[in-house]
Amino acid sequence: MLSLSGVTTAYGSIVALRDVSLEVMPGEIVTLIGANGAGKSTLMMTICGSPAPLSGRILHAGEDITGMPTHLIMRRGIAHAPEGRRIFPRMTVLENLRMGAEVLGTATFEEDLERVCTLFPRLRERLGQRGGTLSGGEQQMLAIGRALMSRPRLLLLDEPSLGLAPMLVRQIFAAIRELNRTTGLTVLLVEQNAWHALRLAHRGYVLVNGRITMSGTGAELLARPDVRAAYLEGG
Ligand code: ATP
């Protein structure tokens, strides 16, 4: 579904990703864990075409998408729910969701809206409310819902648990698991919350200073003392 080989990305002289190779198979949930500044968001953005990598190759469904403009990458069935709930704060929830559906046109809008509102009932109650006035958790639901409106085959989820209360984190992760189970949606998830992410994921990678240092099944990584010490609170 997605494969990165030898991807290096830099911001001027700051190298944020070094020779990163990873693979996501169809129907998999793969998580990438790493500390602040490890390069997780840069990896997601590089897959989406901005910034473009300095070297390496990104393949999606067998097609080379390296350096392709973002809107063309999105049209190929990749959707990005970015970190920090970058929704449109002045637009209503409904307008935000419409933006997510733009690549598809209007034909399936009502059906997709129903699907997203069933997944996140909280959004249905707030369709007319401005995005910027939603709570943190609601904004996160909106960011994910907006990404889902484009009917992606691959969902890139950037730190969905950031700043959320434990109950909301559980809700969001349950929603991701349900989507993957029922629709076969492929997910690449970036998280600092290693415990939830590794339990959810089929496989995981650890990113340290822009390099992949470990990979394995979620259970394998969770069982490793070095992973526990570095990424699980209390060790
Ligand atoms: P966090 O969990 O804190 O969001 P992250 O793992 O997502 O971190 P990135 O945001 O990808 O990390 O950042 C990786 C490195 O690249 C950091 O050292 C960061 O300072 C640097 N960086 C990110 N964006 C830019 C930019 N636009 N210009 C210069 N440097 C940047």
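Everything below is about the structure printed above this text.
The structure reproduced in this document is the subject of the present report. (Residues numbered from 1 in each chain as written. Predicted model: local features only at pLDDT ≥ 70, side-chain atom pairs only at ≥ 80, totals over all residues. Heavy atoms only, no water.)

Between helix 6 (residues 136-148) and helix 7 (residues 166-183), the shortest axis-to-axis distance is 10 Å and the interhelical angle comes to 15°. One finds that helix 6 runs roughly parallel with respect to helix 7. Crossing of helix 6 over helix 7 shows right-handed handedness. Of the residues in helix 7, those in contact with G137, Q140, M141, I144 and L148 of helix 6 are L168, Q171, I172 and L179. Here the residues of the contact of helix 6 with helix 7 sort into six nonpolar, three polar and no charged. (Axes fitted to C-alpha atoms, helices over the stretch in contact; angles between N-to-C directions. Helix = DSSP H or I, 4+ residues; strand = E, 2+ residues; numbered from the N terminus. Parallel < 35°, antiparallel > 145°, perpendicular 65-115°, else oblique. Left-handed = near helix turned anticlockwise from the far one by under 90°. Contact = heavy atoms within 4.5 Å. Nonpolar A, V, L, I, M, F, W, Y, C, P; charged D, E, K, R; others polar.)

Remark on secondary structure: sheet strands pair via backbone hydrogen bonds, oriented parallel or antiparallel. Taken together, the four strands give an open sheet; going across it, the order is 2-1-4-5, and neighbouring strands pair in antiparallel fashion. Lying at the two open borders of the sheet, with one neighbouring strand each, are strand 2 (14-24) and strand 5 (63-64). Of the strand pairs in this sheet, strand 1 (residues 2-11) and strand 4 (residues 55-60) are connected by five bridges, and their pairing is antiparallel. Directly across from S5, in strand 4, lies its bridge partner R57. The sheet contacts of helix 1 (residues 40-47) involve strand 1, strand 2 and strand 4, and relative to strand 1 the element is tilted by about 115°. (Pairing = 2+ DSSP bridges.)

This part is about the sheet that holds strand 9 (residues 203-208). An order of 6-7-8-3-9-10 is seen for the six strands of this open sheet, with the pairing classed as mixed. Each having just a single partner strand, strand 6 (78-81) and strand 10 (211-217) make up the two edges of the open sheet. Neighbour-to-neighbour, the strand axes of this sheet turn through a mean angle of 15°, independent of strand direction. In this structure, strand 6 lies alongside strand 7 (residues 154-158), joined through four bridges in parallel fashion.

Quick look at the site of the ligand now. Around the ligand lies a shell of 14 residues, among which N36, G37, K40, S41 and T42 are the nearest. One of the side-chain N or O atoms of N36 is found 2.7 Å from an oxygen atom in the ligand. Taken by itself the ligand offers 630 Å² of open surface, and the protein chains cover 62% of this. Of all the secondary-structure elements, those providing two or more residues to the shell around the ligand are strand 2 and helix 1. Residue contributions to the shell around the ligand peak at three residues, all from helix 1. Split by residue class, the shell around the ligand holds five nonpolar, six polar and three charged. (Near = heavy atom within 4 Å. Polar contact = N/O pair within 3.5 Å; in protein donor to acceptor, adjacent residues only side chain to side chain. Areas by Shrake-Rupley, 256 points an atom, 1.4 Å probe, with all protein chains shown as cover.)

As a further point, take the nonpolar core. Residues I33, L157 and V227 are the most contacted members of the largest nonpolar core, which totals 47 residues. Judged by nonpolar contacts, the second largest core, of 26 residues, contains V30, L43, M44 and I78. (Core = buried A, V, L, I, M, F, W, Y, C linked by side-chain atoms within 4.5 Å. Buried < 20%, exposed > 50% of the residue type's maximum accessible area, 1.4 Å probe, protein only.)

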